[in-house]
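What follows is each chain in one-letter form.
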Amino acid sequence: MELRSELLKSIWYAFTALDVEKSGKVSKSQLKVLSHNLCTVLSIPHDPVALEEHFRDDDDGPVSSQGYMPYLNKYILDKVKEGSFVKENFDELCWTLTAKKNYRPNGKTSIPLKDAFRFWCLFNFLSEDKYPLVMVPDEVEYLLKKVCMAMNVELNYVELEDYFSQEPLQQSGIVVWKFLELVNSGKLTRGIDKDALSMAIEEVYREIVEDVLKQGYLWKKGQLRRNWTERWFTLRPSTLAYYVSEDRKERKGSIPLDRNCCVEVLPDKDGKRCMFCVKTLAKTYEMSASDTKQRQEWTTAIQTVIRLESEDKKSLHKDLKLKRREQREQRERRKAAKEEEMLRLRALQEEKEKKLQELELLKEAQRQAEVLLQQDEQRRRAQHEEMQRALEVQLRDAEQARASMQAEMVLKEAEAERQKKRIQELEEMQQGLEEALRLEIKARQDEEAFRYAQARLLAEEEEKLKQLMFMKEEQEEYILKTQREKQELRQEMETKSRALEEAQLHLEEVRVNRQRVDQDVMAAQRKLRQASTNVKHWNVQMNRLMHPIGPGDKKSSPGLGGFSSFRVPSQKDPGLKLRQKSEEREREESKENVESARRLSQASDMDTQP
């Protein structure tokens with residue numbers, strides 16, 4: 001994953017360099033060339049049709065970085081094997097593509113292109129793992145300090161702080177082109193020889209990018225011939241390689257380093273001084289440094305490599321970068337916590353000040369409340385006194401009203417007594433009226449019963465009359481039809497005559513009954529007229545009692561029955577209407593009875609005719 005992350009950083013620069021329009025997309029033809037070159041420098045087989053097949057369903061033209069990433073991971077990065085290619089050649093390819101577009105040297109103070117490439121590689125190594133790639137100010141200071149230490153000069157911290165203070169937006173990090181512009185400005189390299197600067201940059205590049213912890217000439221004792229030979233040694237994690245010369249073209253051998261190795265300082269012997277040895281499980285290698293300082297540096301560097309192997313760490317500077325990042329994060333957390341604490345203290349201070357202000361406001365409000373309380377007390381006292389005076393006036397008025405009300409009560413009691421007597425008289429009169437009404441209702445019920453009996457008798461009489469008429473018609477028919485058979489039917493006519501006589505006798509009985517019913521009806525009518533007369537009398541008495549006697553009215557004369565006036569019942573009196581309707585109904589019934597009697601007499605006359 002670490003190798004893939006480093007490769008992606010360089011490829012990101014190459015991809016953005018091909019994005020001429022800065023739209024985030026690159027044409028497929030350019031991606032084909034880029035993919036072919038990447039496969040070449042990474043020493044993996046290249047499939048020219050893989051890109052077309054991968055984007056066969058996408059015919060929208062250019063491809064974005066998100067669209068190119070699946071192809072890049074599947075067909076290129078997944079096939080990369082560590083140690084099968086030269087990382088420097090890969091970085092040079094990506095640098096060549098991006099430098100043409102973005103790197104702008106500014107003349108005499110500019111560093112050589114090779115040094116700019118090494119700075120670019122160092123920037124990628126130390127940059128944060130997020131895009132776009134930036135390097136935080138702490139890492140910029142660390143890198144420049146390493147370069148200055150390689151030249152044995154002091155870093156100009158003032159210029160560096162001025163640079164970051166002039167551009168506050170770069171406090172969170174600067175891009176590589178701003179970093180190279182800072183280096184090329186000459187502010188930090190003023191008075192330093194370019195060759196010395198190039199050598200320092202190369203040394204730092206070897207140390208950080210290529211993981212060369214230490215390199216230089218040492219005398220080594222042979223394993224077979226036991227002679228001493230000067231070799232160029234290069235110390236990397238897990239190995240100590242030695243070459244014929246510092247150009248490292250001819251490698252003579254290497255010493256594997258792991259957690260089982262150790263390094264020891266040896267006493268001077270065989271005319272060699274500043275000696276030390278590296279012991280492995282298989283062999284012991286004796287070496288001699290030029291001086292004590294060099295021996296100390298070499299032994300310390302080798303012990304560092306052994307420690308990394310025991311901790312299963314592959315790179316010293318990657319481990320240091322992670323530690324610095326953790327320290328920065330811790331500082332940021334402490335800074336954030338400190339700022340949060342300051343904010344909390346400031347909030348507490350503001351809250352305290354606010355509470356003090358509220359306390360002052362409360363005190364002021366209390367003073368105002370006391371003043372208002374005193375004013376309210378004075379106002380309440382004045383209101384109380386005024387209310388007491390008003391109550392005294394009301395009390396006097398109430399006494400006067402009480403006296404007048406007592407006088408009125410005496411008058412009211414006398415009036416109530418008179419009204420009570422009137423109510424008693426009205427109740428007695430009501431009882432009399434109820435009795436008269438009861439008698440009238442009974443008389444009406446008797447009249448209805450008589451009328452029902454009369455109607456029944458009339459119905460029977462009418463039925464007999466119909467039978468007589470029918471028999472008469474039959475007789476006439478027989479007379480007309482049987483004149484010639486009169487002799488043969490005489491016996492039958494005699495029978496009919498006897499039946500007719502019997503019907504006449506029955507009719508006489510019906511007439512007698514009708515006369516008796518008429519007499520009963522006349523007696524009921526007399527009773528009804530008597531009840532109506534009583535109702536009229538009681539209505540007159542009620543109307544007289546309902547008219548109140550005023551204080552100025554004259555008393556009635558004894559001849560008028562003790563009443564003040566006599567009023568004729570109005571036409572709207574319901575009793576009068578009832579009586580009128582009853583009289584009309586009686587007149588109609590009388591007419592009907594007379595008509596019925598007339599018809600019966602006519603029928604009798606017809607029956608008596610031969």
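Model, not experiment: these values are computed from the prediction.

Here the focus is the overall build of the chain. Secondary structure summary: the chain contains 14 helices and nine strands in total. The proportion of buried residues among the 610 residues of the chain is 33%. As displayed, the chain has an accessible area near 40,600 Å², and 52% of this comes from carbon and sulfur atoms.

Before going further, it helps to spend a moment on the nonpolar core. Ranked by internal contacts, the top residues of the largest apolar core, which has 70 residues, are Leu 38, Tyr 68, Ile 76, Phe 119 and Phe 179. A total of nine residues in this core trace back to one element, the largest contributor, which is helix α6 (residues 113–126). Leu 240, Tyr 242, Tyr 285 and Ala 301 belong to the second largest nonpolar core, which has 23 residues in total.

On inspection of all chains with the given rule, the structure shows 39 salt bridges. Here Arg 438 makes a salt bridge to Glu 435, at a shortest N to O gap of 2.0 Å. Here Arg 438 pairs with Glu 435, and both are found in helix α12 (residues 316–481), just three residues apart, close to one helical turn. Through salt bridges with shared partners, a single network forms among Lys 9, Glu 128, Asp 129, Glu 139, Arg 324, Arg 325 and Arg 328.

Right, let's talk about a negative patch on the surface for a bit. A surface patch of negative charge is lined by Glu 583, Glu 584, Glu 588 and Glu 592. Relative to the assigned elements, Glu 588 resides in helix α14 (residues 574–608).

Per-residue confidence for the chain gives a mean pLDDT of 82; residues scoring 70 or more make up 89%. Confidence drops under pLDDT 50 across residues 553–572; counting only partners more than four residues distant or on other chains, this segment forms 19 contacts.

The next subject is the packing of helix α7 (residues 137–150) against helix α8 (residues 157–166). At their nearest, the axes of α7 and α8 sit 12 Å apart, and the two run at 155° to each other. Between α7 and α8, the interaxial angle falls into the category roughly antiparallel. Here α7 runs over α8; the crossing is right-handed. Residues Pro 137, Val 140, Glu 141, Leu 144 and Lys 145 of α7 form the contact with α8, whose participating residues are Tyr 157, Leu 160 and Phe 164. Split into classes, the residues belonging to the contact of α7 with α8 amount to six nonpolar, no polar and two charged.

What follows concerns empty space enclosed by the protein. Inspection of the entire model under this criterion finds three cavities of 30 Å³ or more. In this model, the largest cavity occupies a volume close to 80 Å³. Together, Phe 119, Leu 144, Val 147, Cys 148, Met 151, Leu 155, Val 183, Leu 188, Thr 189, Ile 192 and Leu 197 line the largest cavity. Residue contributions to the lining of the largest cavity peak at three residues, all from α7. Here the lining of the largest cavity is built from residues that sort into 10 nonpolar, one polar and no charged.

All right, on to the side chain of Asn 124 then. Turning to its location among the elements, Asn 124 is positioned in helix α6. Residue Asn 124 is classed as buried on the basis of its relative accessible area, which comes to 7%.

So, about helix α1 (residues 2–18). Its 17 residues place the ends of α1 25 Å apart at the C-alpha level, agreeing with the 24 Å of an ideal helix rising 1.5 Å per residue. Those residues of α1 not exposed but buried are Leu 7, Leu 8, Lys 9, Ser 10, Ile 11, Tyr 13, Ala 14, Phe 15, Ala 17 and Leu 18.

Two elements, strand β3 (residues 214–221) and strand β4 (residues 228–236), share eight bridges in a ladder whose sense is antiparallel. Residue Lys 221 lies in a different strand from β4, and its bridge partner there is Trp 228. Two strands pair when backbone bridges link them, and β3 and strand β9 (residues 284–288) are joined in this way by two bridges, in the antiparallel orientation. If you follow Lys 220 over to β9, its bridge partner there is Met 287.

Right, let's talk about α6 for a bit. End to end, α6 covers 20 Å across 14 residues, agreeing with the expected 20 Å (1.5 Å per residue, within 8%). Looking at the packing, one finds that the buried side of α6 touches α1, α5 (87–102), α7, α9 (176–184), α10 (194–208) and α12.

Right, let's talk about the packing of aromatic side chains for a bit. Tallied over the entire structure, the rule returns 18 aromatic pairs. Arranged with centres 5.5 Å apart and planes meeting at 50°, the rings of Trp 12 and Tyr 131 form a pair that is tilted. Of the two residues, Trp 12 is situated in helix α1 and Tyr 131 in the loop between α6 and α7; the sequence distance between them amounts to 119 residues. The interplanar angle of 35° and the centroid separation of 5.8 Å between the aromatic rings of Tyr 68 and Tyr 71 together place this pair among those described as tilted. Taken together, the positions of Tyr 68 and Tyr 71, both in helix α4 (residues 65–75) and three residues apart, correspond to about one turn of that helix. Judged on exposure class, the residue Tyr 68 and its partner Tyr 71 are both buried. Three or more aromatic residues joined by ring pairs form one cluster here, namely Trp 12, Tyr 13, Trp 95, Tyr 103, Phe 117, Trp 120, Tyr 131, Trp 177 and Tyr 205. Positioned above the aromatic ring of Phe 125, the side-chain terminus of Lys 321 is 4.8 Å from the ring centre. The lysine or arginine in question, Arg 324, covers the ring of Tyr 142, its NZ or CZ lying 3.6 Å from the ring centre.

Reading the values: the criteria
Each chain has its residues counted from 1, running along the sequence as written. Restriction of local features to residues with pLDDT of at least 70 applies here, the model being predicted, together with a cutoff of 80 or more for giving and counting side-chain atom pairs; totals for whole chains, interfaces and linings are based on all residues. In computing side-chain values, all of the structure's heavy atoms are included and hydrogens and water are not. Numbering of helices and strands runs from the N terminus, with a helix taken as a DSSP run of H or I at least four residues long and a strand as a DSSP run of E at least two residues long. Type-normalised accessible area, obtained with a 1.4 Å probe on protein chains alone, sets the label of each residue: buried when under 20%, exposed when over 50%, and partly exposed for intermediate values. In this description, accessible areas are obtained by the Shrake-Rupley approach with a 1.4 Å probe, and a residue is regarded as covered only by the protein chains that are shown. We define the nonpolar core as a collection of buried residues of types Ala, Val, Leu, Ile, Met, Phe, Trp, Tyr and Cys that are connected through side-chain atoms lying within 4.5 Å of one another. One side-chain nitrogen of Lys or Arg within 4 Å of one carboxyl oxygen of Asp or Glu is enough to make a salt bridge. Surface patches are defined over residues having more than 30% relative accessible area and no salt bridge, joining like charges when they lie within 9 Å and nonpolar side chains (Val, Leu, Ile, Met, Phe, Trp, Tyr) when within 5 Å. Charged residues are defined here as Lys and Arg on the positive side and Asp and Glu on the negative side; His and the ends of the chain fall outside this count. Charge positions come from single atoms, namely NZ of Lys, CZ of Arg, CG of Asp or CD of Glu. Along the chain, pLDDT gives the predictor's confidence residue by residue, from 0 to 100. Residue contacts are defined here by distance: any two heavy atoms, one from each residue, within 4.5 Å place the two residues in contact. Only the contacting stretch of a helix is used when fitting its axis, a line to C-alpha atoms as for every element, and angles between N-to-C directions run 0 to 180 degrees. Our angle categories are set so that under 35 degrees counts as roughly parallel, over 145 as roughly antiparallel, 65 to 115 as roughly perpendicular, and the remainder as oblique. By definition, turning the near helix anticlockwise from the far helix through less than a right angle yields a left-handed crossing, and turning it clockwise yields a right-handed one. Residues are sorted three ways: Asp, Glu, Lys and Arg are charged, Ala, Val, Leu, Ile, Met, Phe, Trp, Tyr, Cys and Pro are nonpolar, and all the rest, Gly among them, are polar. Every definition here rests on a 1 Å grid over the protein atoms only: cavities are sets of points where a 1.4 Å probe fits but cannot get out, pockets are open sets enclosed by protein on both sides within 12 Å along at least five of seven lines, and lining residues have some atom within 4 Å of a point. Grid points are joined across faces, edges and corners, and a volume is the space filled by probe spheres set on the points. Every helix has an expected span of 1.5 Å times one less than the residues it contains. The pairing criterion for strands is at least two bridges between them, as found by DSSP. Here a Phe, Tyr or Trp ring, Trp counted by its six-membered ring, pairs with any other such ring whose centre lies within 6.5 Å, and the pair is stacked when the planes are under 30 degrees apart, edge-to-face when over 60, and tilted otherwise. Counted as over-ring charges are cases with an Arg CZ or a Lys NZ within 6 Å of the ring centre that also lie within 35 degrees of the ring normal.

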